Amino acid sequence: MAASILKTNVNTKSPEFEKNTRRMIDLVTQIKNQEEQIATGGGAKAIEAQHKKGRLTARERIAKLIDPGSHFFELGVYAAYEMYEEWGGAPSAGTVTGLARVCGRTFMVIANDATVKAGAFFPMTAKKVIRAQNIAIDNHIPTIYLVDSAGIFLPLQEDVFPDTDDFGRVFRNNAVMSAMGIPQLAAIMGMCVAGGAYLPVMCDHILMTEGSGLFLAGPALVQAAIGQKTSAEDLGGAKMHAQISGTVDFREPDDDACIARIRALADKMGAANPAPFSHVASRQPLYSAQEIYGIFSDDPAKQYDMREIIARIVDASEFEEYRAEHGETVLCGYARIGGWAVGIVANQKKHVQTMARGSDQKRMEFGGVIYTESAEKAARFILDCNQNRVPLIFLHDVNGFMVGKDAEWSGIIRAGAKMVNAVANSVVPKIAVICGGSFGAGHYAMCGKAYDPRFIFAWPTARYAVMSGDAAAGTLVEIKLKQLEREGKKVDEKAKKELYESVRATYEHQTDPRYAAARLWVDAIVDPAHTRDALIQALEAAALNPEIREFKTGVLQT
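Residues numbered from 1 in each chain as written. Predicted model: local features only at pLDDT ≥ 70, side-chain atom pairs only at ≥ 80, totals over all residues. Heavy atoms only, no water.

Draft legend 1. Summary view of helix H18 (residues 493-511). Taking 1.5 Å per residue as the helical rise, H18 with its 19 residues ought to reach 27 Å, and the 27 Å between its terminal C-alpha atoms agrees with that figure. Those residues of H18 that sit buried are Val503, Tyr507 and Thr511. All buried residues of H18 fall inside an arc of 80 degrees around its axis, so they share one side. Turned more than 90 degrees away from the buried face of H18 sit Lys494 and Lys497, all of them exposed. (Helix = DSSP H or I, 4+ residues; strand = E, 2+ residues; numbered from the N terminus. Expected span 1.5 Å × (residues − 1). Buried < 20%, exposed > 50% of the residue type's maximum accessible area, 1.4 Å probe, protein only. Arc of directions from axis to C-beta.)

Draft legend 2. Here's a closer look at the packing of helix H13 (residues 372-387) against helix H15 (residues 412-424). It is the contact of H13 with H15, at a shortest axis distance of 8 Å, that shows an interaxial angle of 25 degrees. Here H13 is positioned roughly parallel relative to H15, judged by the angle of their axes. As for the relative orientation of H13 and H15, their crossing is left-handed in sense. Together, Thr372, Ala375, Glu376, Ala378, Ala379, Ile382 and Leu383 of H13 and Ile412, Ala415, Gly416, Lys418, Met419, Ala422 and Val423 of H15 make up the contact between the two elements. Grouping the amino acids of the contact of H13 with H15 by side-chain chemistry returns 10 nonpolar, 2 polar and 2 charged. (Axes fitted to C-alpha atoms, helices over the stretch in contact; angles between N-to-C directions. Parallel < 35°, antiparallel > 145°, perpendicular 65-115°, else oblique. Left-handed = near helix turned anticlockwise from the far one by under 90°. Contact = heavy atoms within 4.5 Å. Nonpolar A, V, L, I, M, F, W, Y, C, P; charged D, E, K, R; others polar.)

Draft legend 3. Main features of unusual backbone geometry. Unlike most non-glycine residues, Tyr84 shows phi in positive territory, near 55 degrees. By the secondary structure assignment, Tyr84 is in the loop between strand E1 (73-75) and strand E2 (95-102). Backbone geometry at Ala118 places phi at a positive 55 degrees, although glycine is not the residue there. Its location among the elements puts Ala118 in the loop between strand E3 (105-112) and helix H4 (123-139). Residue classification places Ala118 among the partly exposed residues on the basis of a relative accessible area of 41%.

Draft legend 4. Region of interest: the packing of aromatic side chains. Applying the stated rule across the entire model yields 16 aromatic pairs. Ring centres 5.0 Å apart and planes at 75 degrees place the aromatic pair Phe167 and Phe171 in the edge-to-face group. In this pair, Phe167 and Phe171 are both assigned in helix H5 (residues 167-179), 4 residues apart and thus about one turn of the helix distant. A relative accessible area of 12% places Phe171 in the buried class. Aromatic rings pair up to connect Tyr84, Trp87, Phe122 and Phe153 into one cluster. One residue, Lys405, lies across the ring of Trp409, its end atom 5.1 Å from the ring centre. When the ring centre of Tyr515 is taken as reference, the NZ or CZ atom of Arg519 above it lies at 3.5 Å. (Phe/Tyr/Trp six-rings, centres within 6.5 Å; stacked < 30°, edge-to-face > 60°. Lys NZ or Arg CZ within 6 Å of the ring centre and 35° of its normal.)

Draft legend 5. Summary view of the nonpolar core. Residues Ile310, Ile344 and Phe457 are the most contacted members of the largest nonpolar core, which totals 77 residues. Of all the elements, H4 adds the most residues to this core, at 7 residues. When sequence neighbours within four positions are dropped, the list of residues in contact with Ile310 reads Leu6, Phe319, Leu331, Ile344, Ala346 and Leu395. (Core = buried A, V, L, I, M, F, W, Y, C linked by side-chain atoms within 4.5 Å.)

Draft legend 6. Just the pairing of strand E15 (residues 392-398), in detail. Within E15, 7 of the 7 residues are buried, leaving the element largely enclosed by the surrounding structure. Side chains Leu392, Phe394, His396 and Val398 of E15 all project onto a buried face; the interleaved residues Ile393, Leu395 and Asp397 project onto the opposite face, where all are buried too. Bridge count between strand E11 (residues 340-347) and E15: 4 bridges; the pairing is parallel. Within the sheet, the bridge partner assigned to Ala346 lies in E15 and is Leu395. Note: E15 against strand E17 (residues 430-439), 6 bridges, orientation parallel. The residue bridging Val398 from the neighbouring strand is Ser438, located in E17. (Pairing = 2+ DSSP bridges.)

Draft legend 7. Structural detail: the side chain of Ser297. Relative to the helices and strands, Ser297 resides in the loop between helix H11 (292-295) and helix H12 (306-310). Classification of Ser297 by relative accessible area gives buried; the value is 4%. Within polar-contact distance, the side chain of Ser297 engages the backbone nitrogen of Asp299 at 3.2 Å. Beyond its immediate stretch of four places on either side in the chain, Ser297 contacts Glu16, Asn20, Lys302, Tyr304 and Asp397. (Polar contact = N/O pair within 3.5 Å; in protein donor to acceptor, adjacent residues only side chain to side chain.)

Draft legend 8. Expanded view of H4. An ideal rise of 1.5 Å per residue puts 24 Å on 17 residues; H4 measures up with 25 Å between its terminal C-alpha atoms. Of all 17 residues making up H4, 14 are buried, and the element is well covered by its neighbours. Once H4 ends, the next one or two residues include His140, with phi positive near 55 degrees.

Draft legend 9. Representation of the pattern of salt bridges. Within the structure shown, the criterion is met by 29 salt bridges. The shortest N-O distance in the salt bridge between Glu252 and Arg261 comes to 2.6 Å. The exposure class assigned to Glu252 is buried, which follows from its relative accessible area of 5%. Linking Asp267 and Lys268 is a salt bridge whose minimum nitrogen-to-oxygen distance equals 3.7 Å. Classification of Lys268 by relative accessible area gives exposed; the value is 63%. A cluster of three or more residues bridged by salt bridges with shared partners is formed by Arg61, Asp148 and Asp255. (Salt bridge = Lys/Arg side-chain N within 4 Å of Asp/Glu carboxyl O.)

Right, dumping it as structure tokens:
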């Protein structure tokens, strides 16, 4: 076993290590501060108003729901970040989602935040709830809904109501999850009106607190529609639904009692089916995760050894590297994380000297670039992992595939297609972590969002787009200048520079991980030192789904 232990050559006293550490700490601190601000939801006044109704906030409810001493792994914190500002914003899209331990069992928790526009559904709110449900569906995670919502945010109804990834999909998913045997518990702890009323009623258990309301149309709308006058309590209060309509299973006096009942129900659920993946006792890495701060560099001109990162994530720093001397710009190998067997596909950021294909000439291969040999190796490794039921972890820091005559002659497109095919058709769980750059087709080959990763995380240093900011700015400015020249306009050097900086700033903003997280392209921005913890939680969730369909790739270009 000694040969598989990754050795470290990191000099923690070097100026480069210290510079990288300071840079990463600044970014992590910035992210944590922003997340704390987002967690205040609609702000102090809105929280006070919620408390005056005798109700807890979404995050207060979750804190009481989860097992004491356990951690709520929040997903989608940055949803709707810097969006809907003309409406006063929608922090975290007005809903809180994430993985939690309840009575020792993993649950997906979806809670409306009534401090944000009374928990109304913005376009991103629907997409965030659907993403959480899709994670639950893919991984067979039992789900708890804490409902406190005024329904659709009407000024934006055209973007919330009609499409396949809009509001109606939430209830479709309720039905699909029920048919799949994924347990769902819903607690109505405030308003639950209009189409939103279907969500709890399509779940296995329905709880409702006193003072809450469940109706297809509220008193004002009922009077306008049919002329009938009624109180909210008589129309759809907890007592009515418990005694007359028989819609709710449990009527509870307040939030605390309701949460206690949820925990009691969760405690008596049947056990999940055993996981189909190899799992043994977890062992800690040999090296400190904090050292990742100093090892990693987000400077495109700098090199680092991705093995040093892997050594601080995997159990006992053991890594069985696959074809270590071939296709070296992509690292592949077997390891364990939290005791779970995994296959790792990672971009290597060190330049490597190798022999040119079909020649005895030496050549330099650039770190972060996928060459023909590395794409073919990765494709073959991914096939092995599927054959042997080994979940896949992808660590991104990729500039894309190699270009140029030599690359084209070597069949780079064919090799890339093979890797993309293997990723697309994988049947084992896939989890992606965007550490640095994730550009162009390299993003796809490394299991980008379009390739159905069970979870996709990003470091604060992540950047992803078609190409890097400098390259994109140069290209876009050239196009703009040619357009101006055709119109007979001359642009001096100062104007060119200003145009370049303007384009670059816009593009860089759009490649920021917060921009991606706002649109749910990533599930969470994680502290690099906590990457192992995030992966363990994701692997534990993925293991709840015991079903692995037959692995088929279709046509592989050879």
